[in-house]
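Residues per chain, in single letters:
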Amino acid sequence: MRKHRDVLSVEWVKLELLRTAYATRGGLLARRDPRVVVCWYLVLAIVPWLTHNVTTLAVLFGMCAATVLACRVGPLILGLFAFGLLTETTYLLIVAWFFDGDVNTVVSLLTLTLKLGTVSLASMAAFVSLDPEKLSDALISMRAPAMLSFGVSYGYRMLPILMDEFHTIVDGQRLRTAPLERRGWWRLKVPVRVATTLVQGFYPMMLNTAKRTRTTVEALETRGFTFAGESAAGRRIRLAYLHVGPADVVLMVATLALVAVAFAVGAEHPVYARDF
């Protein structure tokens, strides 16, 4: 069994980010056509902004939360989402109290939080299920600018390189630096030392990865990323493997049906911030 201190290590964080970026966990949307996944995300990213009904938003939030579980989103991303949602809710409550707000103000701000949470859950479910190549191909298929699809693929590929190089530089900096003789009042010198080391690591990281950057760009160009976005023949060859099957159609129909159910439930039991 893995020990607790191993789970919370820097190496575990790196592996979790890589698993998330490269969609290695599988799940409900991982085997679907990437164009359908992008359309699914657009539906759930737009619909929450079309209503202020708390009941409808709660149903949409629950629907996206269930999809996140089915997509096997990693614990790191889920933990960051829960932390962000909790801190934002606390912040809104404090701001409402500080500016003499009432229950109506709090519910209005919580409605906005519910919308942002729904969109965030849909984003996690969609982009955790798409690896860089699939996402880039979906953008090319949708006639997105060639540099946009190229930049998405390039950014995903540079992510592990930058993380690995930054980790190496920080470890080297820590080995070359003498330990603190005194940690100061409330050990404040420790976070100051850590923050200074992290900031000083960025510049050598950019220098050390300059050569790898050129290699990565050449590798992508060799595989025809830019050419596929500019040439019809290149696009046809590159996207030949994309196919919308019956399961993709069922996914979109089920999503639209659930959205309709959410609005129907909201119309039956309407709850608005102005009611408080």
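Rules used throughout
- Residues numbered from 1 in each chain as written.
- Predicted model: local features only at pLDDT ≥ 70, side-chain atom pairs only at ≥ 80, totals over all residues.
- Heavy atoms only, no water.
- Phe/Tyr/Trp six-rings, centres within 6.5 Å; stacked < 30°, edge-to-face > 60°.
- Helix = DSSP H or I, 4+ residues; strand = E, 2+ residues; numbered from the N terminus.
- Buried < 20%, exposed > 50% of the residue type's maximum accessible area, 1.4 Å probe, protein only.
- UniProt positions renumbered as here; feature names shortened; annotations may be inferred.
- Domains from an automatic or database assignment.
- Axes fitted to C-alpha atoms, helices over the stretch in contact; angles between N-to-C directions.
- Parallel < 35°, antiparallel > 145°, perpendicular 65-115°, else oblique.
- Contact = heavy atoms within 4.5 Å.
- Nonpolar A, V, L, I, M, F, W, Y, C, P; charged D, E, K, R; others polar.
- Expected span 1.5 Å × (residues − 1).
- Salt bridge = Lys/Arg side-chain N within 4 Å of Asp/Glu carboxyl O.
- Core = buried A, V, L, I, M, F, W, Y, C linked by side-chain atoms within 4.5 Å.
- 1 Å grid on protein atoms, 1.4 Å probe; cavity = no way out; pocket = protein on both sides within 12 Å on 5 of 7 lines; lining within 4 Å.
- Points joined across faces, edges and corners; volume = space filled by probe spheres on them.

## Points about the packing of aromatic side chains
Then, in step 1: Under the criterion given, the structure shown has 2 aromatic pairs.
Then, in step 2: Where Tyr-41 meets Phe-127, the ring centres are 5.1 Å apart and the plane angle is 70°; that geometry is what we call edge-to-face. With Tyr-41 in helix α3 (residues 34-46) and Phe-127 in helix α6 (residues 103-128), this pair connects stretches of sequence that are 86 residues apart.
Then, in step 3: Ring geometry for Phe-166 against Phe-202: centres 5.0 Å apart, planes inclined by 45°, an arrangement best described as tilted. In this pair, Phe-166 sits in helix α8 (residues 146-176) while Phe-202 sits in helix α10 (residues 202-208), placing the two residues 36 residues apart along the sequence.
Then, in step 4: Residue Phe-202 is classed as partly exposed on the basis of its relative accessible area of 44%.

## Examining the UniProt feature "transmembrane region" (unreviewed entry) in the chain
Then, in step 1: According to UniProt, the "transmembrane region" (unreviewed entry) feature falls on residues 38-70, 76-99, 106-128, 140-159 and 245-267.
Then, in step 2: As annotated, residues 106-128 comprises 100% helix and 0% strand, and the C-alpha atoms at either end are separated by 32 Å.
Then, in step 3: Strand forms 0% of residues 140-159 and helix 80%; the C-alpha atoms that close the span are 21 Å apart.

## So, the domain arrangement of the chain
Then, in step 1: Segmenting the chain into domains produces domain 1 (22-130 + 244-268) and domain 2 (145-239).
Then, in step 2: Spacing between the C-alpha centres of domain 1 and domain 2 amounts to 30 Å.

## Remarks on the packing of helix α2 (residues 10-22) against helix α5 (residues 75-98)
Then, in step 1: Packing of α2 against α5 leaves a shortest axis separation of 8 Å and a crossing angle of 95°. With respect to their mutual orientation, α2 and α5 come out roughly perpendicular. The segment α2 lies against α5, with Trp-12, Val-13, Glu-16, Leu-17 and Thr-20 engaging Pro-75, Leu-76 and Ile-77.
Then, in step 2: Looking at side-chain class alone, the contact of α2 with α5 contains 6 nonpolar, 1 polar and 1 charged residues.

## A word on unusual backbone geometry
Then, in step 1: A positive phi is found at Arg-72, a non-glycine position, where the angle reads about 60°.
Then, in step 2: Assignment of secondary structure puts Arg-72 in the loop between α4 (54-70) and α5.

## Some remarks on the side chain of Asp-137
Then, in step 1: When you line up the elements, Asp-137 lands in helix α7 (residues 132-141).
Then, in step 2: Other than its neighbours up to four places away in sequence, Asp-137 contacts Arg-238, Leu-239, Tyr-241 and Leu-242.

## Some thoughts on helix α14 (residues 246-268)
Then, in step 1: Counted at 1.5 Å a residue, the expected span for α14 with its 23 residues is 33 Å, and the 33 Å between its end C-alpha atoms agrees.
Then, in step 2: Listed as buried for α14 are Asp-248, Leu-251, Met-252, Thr-255, Val-259, Ala-262 and Gly-266.
Then, in step 3: Where α14 is buried, its residues contact α3 and α4.

## Quick word on the pattern of salt bridges
Then, in step 1: Overall, the coordinates contain 2 salt bridges when judged by the stated rule.
Then, in step 2: One salt bridge connects Arg-32 with Asp-248, and the closest N-O pair in it is separated by 2.9 Å. Of the two residues, Arg-32 sits in the loop between α2 and α3 while Asp-248 sits in helix α14, which places them 216 residues apart along the sequence.
Then, in step 3: Judged by its relative accessible area of 22%, Arg-32 falls in the partly exposed class.
Then, in step 4: Taking relative accessible area as the criterion, Asp-248 reaches 5% and is therefore assigned buried.

## Observations regarding the nonpolar core
Then, in step 1: Leu-29, Trp-40, Tyr-41, Leu-44, Val-73 and Met-124 are the most contacted members of the largest nonpolar core, which has 37 residues in total.
Then, in step 2: Sorting elements by how many residues they give to this core places α3 first, with 8 residues.
Then, in step 3: Not counting residues up to four positions away in its chain, the partners in contact with Val-73 are Arg-25, Val-68, Leu-78, Met-124 and Val-128.

## Description of the layout of surface pockets
Then, in step 1: When its volume is computed, the largest pocket comes out at roughly 560 Å³.
Then, in step 2: Lining of the largest pocket is provided by 20 residues; of these, Val-170, Arg-174, Val-194, Thr-197 and Leu-198 occupy positions nearest its centre.
Then, in step 3: Where the lining of the largest pocket is concerned, the elements lending two or more residues are α2, α8 and α9 (189-200).
Then, in step 4: Per element, the largest residue contribution to the lining of the largest pocket is 7 residues, and it comes from α8.
Then, in step 5: Looking at the lining of the largest pocket, its residues break down into 12 nonpolar, 4 polar and 4 charged.
Then, in step 6: Considered as a void within the structure, the second largest pocket measures approximately 180 Å³ in volume.
Then, in step 7: Forming the boundary of the second largest pocket are Leu-28, Leu-29, Arg-32, Trp-40, Met-63, Thr-67, Ala-247, Leu-251, Ala-254, Thr-255 and Leu-258.
Then, in step 8: When residues of the lining of the second largest pocket are traced back to their parent elements, those giving at least two are α4 and α14.

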